[in-house]
Amino acid sequence: MNFKNVGIVGLGSYVPERIVTNFDLEKMVDTSDEWIKSRTGIEERRFAAEDQATSDLAVEASKKALEKAGLTAEDIDFIILATGTPDYLIQSTACIVQEKLGAKNAAAFDLNAACSGFVYALTMGTALIKSNMYKRVLVIGTEVLSRVVDMQDRNTCVLFGDGAAAAVLAEVEPGYGIISQYLGAEGEDQETLRVPAGGTRKPITPEVLEERSNFLKMKGPEVFKFAVKALPKATISAMESGNVSVEDISMVFPHQANLRIIEAASKRIGIPVEKFYMNLNKFGNTSSASIGLALGEALDKGLVKKGDVIALTGFGAGLTYGSMIIKWAY
Ligand code: ACO
């Protein structure tokens, strides 16, 4: 079988207008700008407007991605939407986006791999095109985390923000596109990072609302320990399977959770931290949107050019991790 070369041919991102600074959070919980900045690197984040849901952010990012790719919604034959914060428990957010975009020729489904979602979804989309099953796949990472974080819990509410990123995958010229990827999961860490209630295990009851277990709970230091091992493992494994050296990599786009995690990962991978693109200071942790948000910003600044070899790398709830190496195609 003749496998196709697949690459990103258009990328777009969107963040809501409302900026929430560390100083705004100081008024809500017992925290400080100094604590948040020194522990995480985050200075502000965006929160969706009351009438915006996850699909609305996804549609904005997708329109930009399609425009960059020079395609219309009808050219898309598959939509894979990564999110941990869907509009509804039943009915995929991907189907809502399909209707809002007018992508009437596309099959559509959601994928939940938390903050690794963008890399997981890109991997699935790449496989669909490589195997000649589909031609143009719209991959979206989109989150409204402000609706699932507990604004009374200082351990979590300072970390997260809302946003979306979308990428159009299609066949690209030989020698360019996705070189390799590595995905992993460690399901044994069951209580490190999750929203405990609101699913089928623990439906919403008055007790749930009382104990606030319908909001995100996280064991921060455990996630930290996992992340500083998982990011290097994913990145190095993807580089090895693509026969790519650390010197070949021009830039790394890590999941934007925490500056200290990224610094530690950079040392373990052996790629200088200056090559790790970061915008977490402005947007916080936007989970499955964060890698695409960072890549989109770097593209807009002209920092990624045709022929550059870049790495996308993430970790998240599940626990999950994943990395992808791409030779940029445009
Ligand atoms: N403001 C002030 N103090 C705080 C805050 C806050 N916002 N949050 C926690 N503290 C306090 C704690 O209560 C604790 O106080 P104590 O010592 O009196 O008990 C103290 O600060 C230290 O807490 P630690 O948790 O040990 O702080 P640490 O230096 O580990 O930083 C952090 C915490 C930032 C959460 C870090 O552990 C981290 O980044 N972990 C990874 C989190 C992450 O990446 N999550 C996203 C995963 S992606 C996904 O799938 C959603």
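A brief look at the structure comes next. (Residues numbered from 1 in each chain as written. Predicted model: local features only at pLDDT ≥ 70, side-chain atom pairs only at ≥ 80, totals over all residues. Heavy atoms only, no water.)

1. Description of the site of the ligand
Phase 1 of the analysis: Around the ligand, the structure places 26 residues, and the nearest of them are Thr31, Arg39, Cys115, Asn258 and Ala317.
Phase 2 of the analysis: In this structure, Arg260 approaches the ligand through a side-chain N or O atom, which is 3.2 Å from an oxygen atom.
Phase 3 of the analysis: Contact with the protein chains covers 73% of the free accessible surface of the ligand, which is 1,000 Å².
Phase 4 of the analysis: Residue assignment for the shell around the ligand shows that the elements contributing at least two residues are helix 2 (33-40), helix 6 (154-157), helix 8 (220-241), helix 9 (259-269) and strand 12 (309-316).
Phase 5 of the analysis: No other element matches helix 8, which puts 4 residues into the shell around the ligand.
Phase 6 of the analysis: Considered class by class, the residues forming the shell around the ligand number 14 nonpolar, 8 polar and 4 charged.
Phase 7 of the analysis: A domain split of the shell around the ligand shows at least three residues from each of domain 1 (6-176) and domain 2 (178-327). (Near = heavy atom within 4 Å. Polar contact = N/O pair within 3.5 Å; in protein donor to acceptor, adjacent residues only side chain to side chain. Areas by Shrake-Rupley, 256 points an atom, 1.4 Å probe, with all protein chains shown as cover. Helix = DSSP H or I, 4+ residues; strand = E, 2+ residues; numbered from the N terminus. Nonpolar A, V, L, I, M, F, W, Y, C, P; charged D, E, K, R; others polar. Domains from an automatic or database assignment.)

2. Things to note about the sheet that holds strand 1 (residues 6-14)
Phase 1 of the analysis: Read from one edge to the other, the open sheet built from 5 strands follows the order 1-7-6-4-5, with strand pairing classed as mixed. The strands lining the two open edges of the sheet, one partner per strand, are strand 1 and strand 5 (107-111). The sheet shows a mean angle of 20° between the axes of neighbouring strands, taken without regard to direction.
Phase 2 of the analysis: Of the pairings in the sheet, the one linking strand 1 to strand 7 (residues 162-171) comprises 8 bridges and is antiparallel in character. If you follow Leu11 over to strand 7, its bridge partner there is Ala167.
Phase 3 of the analysis: Contacts from helix 5 (residues 117-130) reach strand 1, strand 4 (78-82), strand 5, strand 6 (137-144) and strand 7 within the one sheet, and its direction differs from that of strand 7 by about 20°. (Pairing = 2+ DSSP bridges. Axes fitted to C-alpha atoms, helices over the stretch in contact; angles between N-to-C directions. Contact = heavy atoms within 4.5 Å.)

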